[in-house]
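Coordinate analysis (summary)
One letter stands for each residue in the lines below.
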Number of protein chains: 2
Amino acid sequence: MATDHLPVSGDFLNQRLAEKGLRFTSQRQHVYEVLLSQRDHPSADEVFMRAKQSKPEISMATVYNSLDALVKCGVVRQVNVDRGASMYCSNMNEHAHFCCDDCGKVFDVNLKDSPRVPEVDVSGKFEVRQIDIALHGRCTGTCEDCGRREAHA
Amino acid sequence: MATDHLPVSGDFLNQRLAEKGLRFTSQRQHVYEVLLSQRDHPSADEVFMRAKQSKPEISMATVYNSLDALVKCGVVRQVNVDRGASMYCSNMNEHAHFCCDDCGKVFDVNLKDSPRVPEVDVSGKFEVRQIDIALHGRCTGTCEDCGRREAHA
DNA sequence: TTTCTATTTAGAATTATTCCAAGTATTGAC
DNA sequence: GTCAATACTTGGAATAATTCTAAATAGAAA
């Protein structure tokens, strides 16, 4: 996997972690690079498997710890769309997630008028840090899995 | 628990289930009434425990099955905000969920400008059935747990 | 350095969810 | 109504996801 010469200066991550009082470690950097190198929505387990390819000694507990750290310092988003495993998304541009209830795949989508953090008024009761928008439905024709399933049905 | 004389005519649920080709059963009705009778955000396990109080023979598998059926026919929403257990919400009015990252509690909130299904344009690739909006942050002062935690810190 | 504390590790433990096979209830056709 | 077909329920086992634990290691501050 091409996780070696990524444009992650390390300084960037280091600073983001430091801002939250978290330490920069090679494991966290590695997990981050794994996420950046393949921009889908892997589960912790999938991240673990990918991370092991170039860093075989990494442990599952560390993957969870690293993912938590990355989410906490705002360089990765945790995506929860269903009862299954949480997924992780390194696309920090403003976007929503579409989850197909038939095939289970998750896609990044841009919404024209999605609420933004500065715009959210929750009457002083809550301090909003992030907004997660998940769409549910079916991906019609977009993916071959759904096509197949409909062909069967 | 006052799950006996609720304004759930049964017909309503029956019809919604039938529309999706699902059968009306006493278990599904009971689970639905459990959710309606206490409008918080219980996990499947919590629903199970509440349901058992007045219907001790109900099983966990049936609770999951019933929750799935209720979600599928659109009378209950599944709420996924974190890695933990999914939660279930019988408030079908348009609203978002605020999840406090400190105490973990989930609150219903109304957003002024949240996207609605008819308004979502995803370029014909997706058929959107539902939009779930989850806010993350901290509930400042709203709940005693957070107050306590801050007092300690 | 030294010290303090956060992090990592492997594996055990726990929690959440699904699966299974046998029995039961609901539906639609007659 | 009765019957067949099939969906649903049940308890428990199985699996999957996540957290915990205690010892070793590594980063940060003095």
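So, how was this worked out
- Residues numbered from 1 in each chain as written.
- Chains lettered and ligands numbered in written order.
- Predicted model: local features only at pLDDT ≥ 70, side-chain atom pairs only at ≥ 80, totals over all residues.
- Heavy atoms only, no water.
- Salt bridge = Lys/Arg side-chain N within 4 Å of Asp/Glu carboxyl O.
- Buried < 20%, exposed > 50% of the residue type's maximum accessible area, 1.4 Å probe, protein only.
- Axes fitted to C-alpha atoms, helices over the stretch in contact; angles between N-to-C directions.
- Helix = DSSP H or I, 4+ residues; strand = E, 2+ residues; numbered from the N terminus.
- Left-handed = near helix turned anticlockwise from the far one by under 90°.
- Contact = heavy atoms within 4.5 Å.
- Nonpolar A, V, L, I, M, F, W, Y, C, P; charged D, E, K, R; others polar.
- Core = buried A, V, L, I, M, F, W, Y, C linked by side-chain atoms within 4.5 Å.
- Polar contact = N/O pair within 3.5 Å; in protein donor to acceptor, adjacent residues only side chain to side chain.
- Buried area = accessible area lost by both parts, 1.4 Å probe.
- pLDDT = per-residue confidence, 0-100.
- Near = heavy atom within 4 Å.

Residues and elements named next belong to chain A. If you walk through the whole model with that rule in mind, you get 14 salt bridges over all chains. Among the salt bridges present, the one from Glu57 reaches Lys55, with a minimum N-O distance of 3.4 Å. According to the relative accessible area criterion, Lys55 is buried, its value standing at 14%.

With that out of the way, let us pick up the packing of helix H1 (residues 11-19) of chain A against helix H2 (residues 26-37) of chain A. Residue and element names in this part refer to chain A. Between H1 and H2, the shortest axis-to-axis distance is 11 Å and the interhelical angle comes to 115°. Between H1 and H2 the crossing geometry is right-handed. Taking contact as the criterion, the partners of Phe12, Leu13 and Leu17 in H1 are, on H2, Arg28, Gln29 and Tyr32. For the contact of H1 with H2, the per-class residue count stands at 4 nonpolar, 1 polar and 1 charged.

Counting 30 residues, the largest nonpolar core has Phe98 and Leu135 of chain A together with Phe98 and Leu135 of chain B as the members making the most contacts within it. The set of elements that each furnish at least two residues to this core consists of strand S3 (96-100), strand S4 (106-109) and strand S5 (126-139) of chain A together with strand S3 (96-100), strand S4 (106-109) and strand S5 (126-139) of chain B. The residues contacting Leu135 of chain B, other than those within four sequence positions of it, are Val120, Val122, Val128, Gln130 and Ile131 of chain A together with His97, Phe98, Cys99, Val109 and Leu111 of chain B.

Relative to the helices and strands, Gln78 of chain B resides in strand S1 (residues 77-79). Note on Gln78 of chain B: relative accessible area 15%, which makes it buried. Side-chain polar atoms of Gln78 of chain B contact the side chain of Tyr88 of chain B, separated by 3.1 Å. Excluding residues within four positions of it along the chain, Gln78 of chain B makes contact with Asp82 and Arg83 of chain A together with Val71, Ser86, Met87, Tyr88 and Asp132 of chain B.

Right, let's talk about the interface of chain B and chain A for a bit. On the side of chain A, 40 residues touch chain B, which itself brings 40 residues to the contact. Counting each side, the surface lost to burial between chain B and chain A is near 3200 Å², with a carbon and sulfur contribution of 52%. By the criterion of area lost to chain A, the three top residues of chain B are Arg83, Phe126 and Arg129 of chain B, representing 20% of everything that side buries. Taken together, the connections running from chain B to chain A amount to 2 salt bridges. If you look at where chain B meets chain A, you find 14 residue pairs in polar contact (both at pLDDT 80 or more). For the side of chain B that touches chain A, the elements supplying multiple residues, two or more each, are helix H4 (60-72), S4 and S5 of chain B. Per-element accounting of the side of chain B that touches chain A gives the leading share, 14 residues, to S5 of chain B. Looking at side-chain class alone, the side of chain B that touches chain A contains 17 nonpolar, 11 polar and 12 charged residues.

Residues and elements named next belong to chain A. Per-residue pLDDT for chain A averages 87, and the proportion of residues at 70 or more is 86%. Note on residues 1-5: pLDDT under 50 across the span, and 9 contacts to partners over four residues away in sequence or across chains. Segment residues 148-153 is flagged for pLDDT under 50; beyond a separation of four residues in sequence, or across chains, it makes 3 contacts in the model.

A separate point is the protein's contact with DNA strand D. Residues in close proximity to DNA strand D total 18 residues, the closest being Tyr64 of chain A together with Thr25, Arg28, Thr62 and Arg83 of chain B. Within 4 Å of the protein, the atoms of DNA strand D are drawn from sugar and phosphate moieties in a proportion of 79%. At a separation of 2.6 Å, a phosphate oxygen of DNA strand D approaches a polar side-chain atom of Thr25 of chain B. Within the backbone of Ser59 of chain B, one N or O atom sits 3.3 Å away from a phosphate oxygen of DNA strand D. Residue assignment for the surface near DNA strand D shows that the elements contributing at least two residues are helix H4 (60-72) of chain A together with helix H2 (26-37) and H4 of chain B. For the surface near DNA strand D, the class distribution of residues is 7 nonpolar, 6 polar and 5 charged.

Turning our eyes to something else, we now look at the side chain of His136 of chain B. Position of His136 of chain B among the secondary structure elements: in strand S5. Overall, the relative accessible area of 10% leaves His136 of chain B in the buried class. A distance of 2.8 Å separates the side chain of His136 of chain B from the side chain of Asp101 of chain B, its partner in a polar contact. Those residues in contact with His136 of chain B that sit more than four places away from it in its chain are Glu127, Val128, Arg129, Gln130 and Asp132 of chain A together with Val81, Phe98, Cys99 and Asp101 of chain B.

A few words now on the protein's contact with DNA strand C. Close to DNA strand C lie 18 residues; Thr25, Arg28, Thr62 and Arg83 of chain A together with Tyr64 of chain B are nearest. In this structure, a phosphate oxygen belonging to DNA strand C sits 3.4 Å away from a main-chain N or O atom of Ser59 of chain A. Ser86 of chain B has a polar backbone atom sitting 3.2 Å from a phosphate oxygen of DNA strand C. Among the elements that make up the surface near DNA strand C, the one with the highest residue count is H4 of chain A (3 residues). Tallied by class, residues from the surface near DNA strand C come to 7 nonpolar, 6 polar and 5 charged.

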